[in-house]
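# Examination of the molecular architecture
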Amino acid sequence: MNLEEDFPFLNRGIVYLDNAATTQKPNQVIEAISNFYRYHNANIHRGVHTLSIEATEMYEKSRERVASFIGAKSKELIFTYGTTSSINFLSQSLIKSEVLKEGSIVLLTAVEHHSNLLPWQNLKRYGVSLKFVDSDENGVLDEDKIINSMENVSLISLTGLSNVTGQRIDLEKVVKEAKKRGILVHIDGAQMVPHVKVDVSKLDIDFLSFSAHKMLGPTGIGALYINEKYLDAFEPFLVGGGMIDRVTLESSTFTNPPEKFEAGTPNIAGAIGFAAAVDYLNSFGMENVEKIDRELTKYALEELKKLDFVDIYGPKDERQVSIVSFNVKGVHPHDVASILDEEYKVAIRTGHHCAQPLMRKLGVSATCRASFYLYNKKEDVDRLVEGLKRVKKWIG
Ligand SMILES: Cc1ncc(COP(=O)(O)O)c(C=O)c1O
């Protein structure tokens, strides 16, 4: 495995620290996608010709590999368009299946990404109410506070790793308590699954959402894990071609899971690219990914703490994985990012990171965010710090 060969973008000299938004793609993923389109392209499931059989096999093998990456059974993994689509799908299916109904309470936290907030706000029209666990003024969540808020709750939907502070939540502790109380658990794994080894069978959660593009895969594809005990009872949110058993003009019956949940032609090449991405991560070793992410985060925190003109948000300790949010006192984050980009070729993200309620808690409208992945090095952090010192000079 040779990172420089696998990731041609590294030769452009750009220090890419925007991995929480989306990661770069290795040649192995790009090749898997173009190989499908070049030699095996056909629609799946419905054809009896060779190409269609090949495409179906490639798609279903991809499902197996992505499912096994999170310790799930193949039928428990539904391909979606990404985390946002997974959470919309889940929340609407819970209503359609009457698992959530008038009077149900969903517990969320105040640090959630908008994609793990708005789909639940949508359920208010059905009489579902939302309850929130607040963070401290640094955006840090306290697991005990989550546990103490569980009374009368039907479902908890919680990020596994905050996209703003990088805080890795102690899920084992929270899930254990939720299960004792018979509460369903959905984890927004958009940032967690790419960076730490997740095994849903050990974690004992009910639902998990994640996106391929944040873990070396293509955009436009993600997954929703649904524990097998709900598969039969669950009503699909999307209906149409490809998921039926028998259709009359007035009514229809559905086929078995997981196809039951995948109406229409799916992103076949995307699924194949997704599987190539998890193959890459498996060969690299998720323990090595986490080690690199943790080391770089620790180093970045150490170096940023030395800069008295920088405010850092989040726990600022070992709970933080792969993401560091900060601001340069008196400078708008967009100006910081522009100087870093133009003069140092360092790419960071700035803005509210789809977490406006958390920004209000932090008392800012936006932050700078540096986020790491397996191809980043300590020198990348050094270049970021060098650039920030230049920003400081610029403001005088
Ligand atoms: C924690 C978290 N949840 C959900 C999402 C939404 O993911 P996607 O845009 O891939 O649907 C993101 C994306 O940044 C995220 O960081």
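Residues numbered from 1 in each chain as written. Predicted model: local features only at pLDDT ≥ 70, side-chain atom pairs only at ≥ 80, totals over all residues.

### Considerations on the domain arrangement of the chain
According to the domain assignment, the chain consists of domain 1 (3–22 + 285–395) and domain 2 (27–283). Its C-alpha centre places domain 1 at a distance of 28 Å from the equivalent point of domain 2. Tallying the contact residues gives 28 residues for domain 1 and 27 residues for domain 2. When contributions to the side of domain 1 that touches domain 2 are tallied by element, the ones reaching two or more residues are helix H10 (286–305), strand S12 (323–328), helix H12 (356–362) and strand S15 (367–371). Across the side of domain 1 that touches domain 2, the residue classes break down as 13 nonpolar, eight polar and seven charged. (Domains from an automatic or database assignment. Contact = placed C-beta atoms within 7 Å. Helix = DSSP H or I, 4+ residues; strand = E, 2+ residues; numbered from the N terminus. Nonpolar A, V, L, I, M, F, W, Y, C, P; charged D, E, K, R; others polar.)

### Some points on the site of the ligand
Around the ligand lies a shell of 13 residues, among which Gly82, Thr84, Asn163, Ala190 and Ser211 are the nearest. Across the shell around the ligand, the residue classes break down as one nonpolar, 11 polar and one charged. (Near = placed C-beta within 6 Å.)

### Remarks on helix H4 (residues 83–96)
Over its 14 residues, H4 runs 20 Å from end to end, which matches the ideal 20 Å to within 8%, given 1.5 Å per residue. Of all 14 residues in H4, 12 are buried, a share of seventy percent or more. Restricting attention to buried positions, one finds in H4 the residues Thr83, Thr84, Ser85, Ser86, Ile87, Asn88, Phe89, Leu90, Ser91, Ser93, Leu94 and Ile95. The elements touched by buried residues of H4 are strand S2 (77–80), helix H5 (118–121), strand S6 (184–188), strand S7 (207–211) and strand S8 (222–226). After H4 finishes, the residue Glu98 shows a positive phi value of roughly 60°. (Expected span 1.5 Å × (residues − 1). Buried ≥ 20, exposed ≤ 12 C-beta atoms within 10 Å, placed from the backbone.)

### Focus: the packing of helix H3 (residues 50–69) against helix H9 (residues 268–284)
One can describe the packing of H3 onto H9 by two numbers: an axis separation of 8 Å at closest approach and a directional angle of 40°. Here H3 lies oblique to H9, going by the angle between them. Between H3 and H9 lies a crossing whose hand is left-handed. Every residue of H9 that contacts H3 at Ala55, Met58, Tyr59, Ser62, Arg63, Arg65, Val66 and Phe69 is listed here: Ile268, Ala271, Ile272, Phe274, Ala275, Val278, Asp279 and Asn282. Grouping the constituent residues of the contact of H3 with H9 by class yields 11 nonpolar, two polar and three charged. (Axes fitted to C-alpha atoms, helices over the stretch in contact; angles between N-to-C directions. Parallel < 35°, antiparallel > 145°, perpendicular 65-115°, else oblique. Left-handed = near helix turned anticlockwise from the far one by under 90°.)

### Here's the deal with the sheet that holds S7
Within a sheet, adjacent strands bond to each other through the backbone by hydrogen bonds, running parallel or antiparallel. Strand order in the open sheet formed by seven strands is S2-S8-S7-S6-S5-S3-S4, with mixed pairing between adjacent strands. Each edge of the open sheet carries a strand with a single partner, namely S2 and strand S4 (129–133). The mean inter-strand angle of the sheet, taken between neighbouring strand axes irrespective of direction, is 20°. With two bridges joining them, strand S3 (residues 105–109) and strand S5 (residues 155–159) adopt parallel strand pairing. Bridging from a neighbouring strand, Val106 pairs with Leu155 of S5. (Pairing = 2+ DSSP bridges.)

### Structural notes on helix H2 (residues 27–40)
Its 14 residues give H2 an end-to-end C-alpha distance of 19 Å, which sits within 8% of 20 Å, the value for a rise of 1.5 Å per residue. Every buried residue belonging to H2 is among Val29, Ala32, Ile33 and Phe36, and all of these are buried. Against the buried residues of H2 lie H3 and H9.

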